[in-house]
Amino acid sequence: MLNVSIVLYNPNWQQIIDLTQSLLRYPKVRHIYWIDNSPISNCPQSVDTRIKYHYNQQNIGYGAAHNIAIRESIYDNIPYHLVINPD
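Scoring rules and cut-offs
- Residues numbered from 1 in each chain as written.
- Predicted model: local features only at pLDDT ≥ 70, side-chain atom pairs only at ≥ 80, totals over all residues.
- Heavy atoms only, no water.
- Pairing = 2+ DSSP bridges.
- Helix = DSSP H or I, 4+ residues; strand = E, 2+ residues; numbered from the N terminus.
- Axes fitted to C-alpha atoms, helices over the stretch in contact; angles between N-to-C directions.
- Contact = heavy atoms within 4.5 Å.

Caption draft 1: Looking closely at the sheet that holds strand S4 (residues 80–84). Across the sheet, which stays open at both edges, the four strands sit in the order S3-S2-S1-S4 with parallel pairing between neighbours. Unpaired on one side and paired on the other, strand S3 (51–55) and S4 mark the two borders of the sheet. For this sheet, the mean angle separating the axes of adjacent strands, direction not counted, is 20 degrees. Note: strand S1 (residues 2–8) against S4, five bridges, orientation parallel. Bridging across to S4, Val4 finds its partner in Leu82. This element, helix H1 (residues 13–24), spans S1, strand S2 (29–36), S3 and S4 of the sheet and lies at about 165 degrees to S2.

Structure below.
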């Protein structure tokens, strides 16, 4: 099993959805975390139930945002966590 996190800041949502759909083709992916540091949340409807969206009220930074998802992976006993930079 594998979880993935993508930290977002004013993203190009089509690129994020394309990336996410590619990752979801891999059967070992359990959850993909979209951690959004944008000033305003404009997240589209989820394309899959394995996507977990987390909106931060402020930009907490790249590393701290990934740590949110990594803690979830640890909590769920997922042995591997992939950190992706979408740009």
